[in-house]
Structure formats: C-alpha cells, structure tokens
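Chain and residue survey
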Amino acid sequence: MRIYRTLFGKSIITLSVVMLFSCKNDMKNIVKISEIETMPELSGRNMFLSETEFGNRTISVFTPKLLKYSQENSKYDSPRTIFPQGIEVVHFSEYPDTLSMIRADYASLFEETQKWEAKGNVKAQNSKGEILQTEFLIWDQKRGVIYSNQQVKITTAEDIIFGHGFRSDDNFENWEIQHVTGVFSFNEDN
C-alpha cells in the first residue's frame, strides 16, 4: 500500500510539473498569436511606389520603410499605411516635370478617407521654387487640398513669411497663411 501511495504521490508531482510547464508554453503561444494579429499585412524596406493615370506617372513615393495595416487583425481602427522612417512624395505635371514635392520624417495614409498626414521636418516645394516648412501637414487627396494648423514658414523669391495655420491646393500653388506672425522681405524697395 505504501508503494502505491509513493507512486501516486510521485505521479501527481510529475503531472503537476508537466502541466505547469505546458501552461507556460501556452502563454508564450498566446503572446505570439497576439503579436501576429497586430503585425502589418504588408511591410517593405527602401520602397519606390508610383501612381499613374492613363499610363502617365503622376506621383512617385520614396520611403525607407512601409507598413500597411488592414482593419482586420490590426491595432488600428481603420486601414492605413505608415511610413515610420520618412517619406518623399513627388507630384508630376507630366513626367519628369515636377509640380510639387513633399518630404517628412513620418507619414500615414488613411486609406478610407484618402488623407495623408506628414509629421516632423515637413518640407514642401512647388514648381515656382516656393518652400513650405512645418512640423505637421495634412494632404486631403479627395478634396485636393493641403493644410496645417501648426506654425509654418514659407520662403518665396522675395519674402520669408511666418504664420500659424496654412491652406493650399494640393500642388502648393495657391496658398494662404491664416495668421501671419512675421514677414522678412528681400526686396530693397520695401
């Protein structure tokens, strides 16, 4: 009888140890599964993307890293593409003639609304050579506008204009600063 109790006791201890370790493995698997569910649907490095209309290149996008998330199995509530290491977008009138260019340290494309968000050292330039600099910019592709509610600096051939808030067409041709805070002119007559 004593042998049975000893064997039974050892069996219980062995079974408990096995179950304890199997639970740890299950927890690791659960963590791995949850990580997989939040992974991007598509990722890429040193990407060049091109958009065309009727066979003519209209937009080129360069990025060191791209992460595309769908709405299903995502940590985000809507589908989006993220450019966490920066982006450069070139908009062409007719390739290779450049209409405008935008660079930023970080960008997101919200696919349902077709809005781009650019953050950190945002710099845009139009075909006239005018340069916009800000820390935050939105490009609404559907409406054909770019805008910001942050501090902006625009450099033209004659002036450097500082302000708060900005709005323009998506070619950065017809722009306005909402609240001008300073102007430095290069024209000697002024």
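Keep in mind that this is a model prediction, so the values were computed, not measured.

This brings us to the packing of aromatic side chains. As enumerated under the stated definition, the model contains 5 aromatic pairs in all. Ring geometry for phenylalanine 166 against phenylalanine 172: centres 5.9 Å apart, planes inclined by 65°, an arrangement best described as edge-to-face. Neither residue differs from the other here; phenylalanine 166 and phenylalanine 172 are each classed as buried. For the ring pair phenylalanine 172 and tryptophan 175, a centre distance of 6.5 Å and an interplane angle of 35° mean the geometry is tilted. One aromatic cluster is present, formed by Phe83, Trp116 and Trp139 through successive ring pairs.

Taken as a whole and judged by the stated rule, the model has 2 cavities of 30 Å³ or more. Reported here for the largest cavity is a volume of approximately 80 Å³. Considering the residues around the largest cavity, the lining is formed by Ile87, Val89, Ile102, Trp116, Glu117, Ala118, Leu137, Ile138 and Trp139. Only β4 (87-94), β7 (115-126) and β8 (131-140) provide two or more residues apiece to the lining of the largest cavity. Partitioned by chemical class, the residues of the lining of the largest cavity number 8 nonpolar, no polar and 1 charged. The volume enclosed by the second largest cavity comes to roughly 60 Å³. For the lining of the second largest cavity, the secondary structure elements donating two or more residues are β4 and β5 (97-104). A per-class count over the lining of the second largest cavity returns 5 nonpolar, 2 polar and 1 charged.

Okay, the environment of arginine 103 next. Within the secondary structure, arginine 103 is located in strand β5. Sequence-wise, arginine 103 and glycine 86 are 17 residues apart; in three dimensions their C-alpha atoms are separated by 7.4 Å. Ignoring anything within four residues of it in the chain, the contact list for arginine 103 reads Ile87, Glu88, Asn121, Val122 and Lys123. Looking at arginine 103, its side chain comes within polar contact range of the side chain of glutamate 88, at 3.0 Å.

This next bit is on the confidence of the model for the protein chain. On average, residues of the protein chain score 82 in pLDDT, and 76% of them reach the 70 mark or higher. For the protein chain, per-element mean pLDDT is lowest for helix α1 (residues 2-37), which scores 54, and highest for β8, which scores 95.

Counting 24 residues, the largest nonpolar core has Phe83, Ile87, Leu132, Leu137, Phe166 and Phe172 as the members making the most contacts within it. When contributions to this core are tallied by element, the ones reaching two or more residues are β2 (56-69), β4, β5, β6 (106-110), β7, β8, β9 (145-155) and β10 (159-169). Take this core: its biggest share by element is 4 residues, from β7. Setting aside anything within four residues of it in sequence, one finds phenylalanine 166 in contact with Leu132, Leu137, Ile146, Tyr147, Ser148, Val152, Ile154, Phe172, Trp175, Glu176, Ile177 and Gln178.

Right, let's talk about the pairing of β8 for a bit. Here is the key point about a regular strand: its side chains alternate between the two faces of the sheet. Along β8, 8 of the 10 residues are buried, which leaves the element largely enclosed by surrounding structure. Pairing geometry for β7 and β8, over 9 bridges, is antiparallel. Within β8, the residue paired with valine 122 across the bridge is threonine 134. If you look at the hairpin formed by β7 and β8, you'll find 4 residues sitting between the two strands, and glycine 129 has a positive phi there, around 90°. In terms of strand pairing, β8 meets β9 through 7 bridges, oriented antiparallel. Opposite glutamine 133, over in β9, you have lysine 153 as the bridge partner.

Criteria and thresholds
- Residues numbered from 1 in each chain as written.
- Predicted model: local features only at pLDDT ≥ 70, side-chain atom pairs only at ≥ 80, totals over all residues.
- Heavy atoms only, no water.
- Phe/Tyr/Trp six-rings, centres within 6.5 Å; stacked < 30°, edge-to-face > 60°.
- Buried < 20%, exposed > 50% of the residue type's maximum accessible area, 1.4 Å probe, protein only.
- 1 Å grid on protein atoms, 1.4 Å probe; cavity = no way out; pocket = protein on both sides within 12 Å on 5 of 7 lines; lining within 4 Å.
- Points joined across faces, edges and corners; volume = space filled by probe spheres on them.
- Helix = DSSP H or I, 4+ residues; strand = E, 2+ residues; numbered from the N terminus.
- Nonpolar A, V, L, I, M, F, W, Y, C, P; charged D, E, K, R; others polar.
- Contact = heavy atoms within 4.5 Å.
- Polar contact = N/O pair within 3.5 Å; in protein donor to acceptor, adjacent residues only side chain to side chain.
- pLDDT = per-residue confidence, 0-100.
- Core = buried A, V, L, I, M, F, W, Y, C linked by side-chain atoms within 4.5 Å.
- Pairing = 2+ DSSP bridges.

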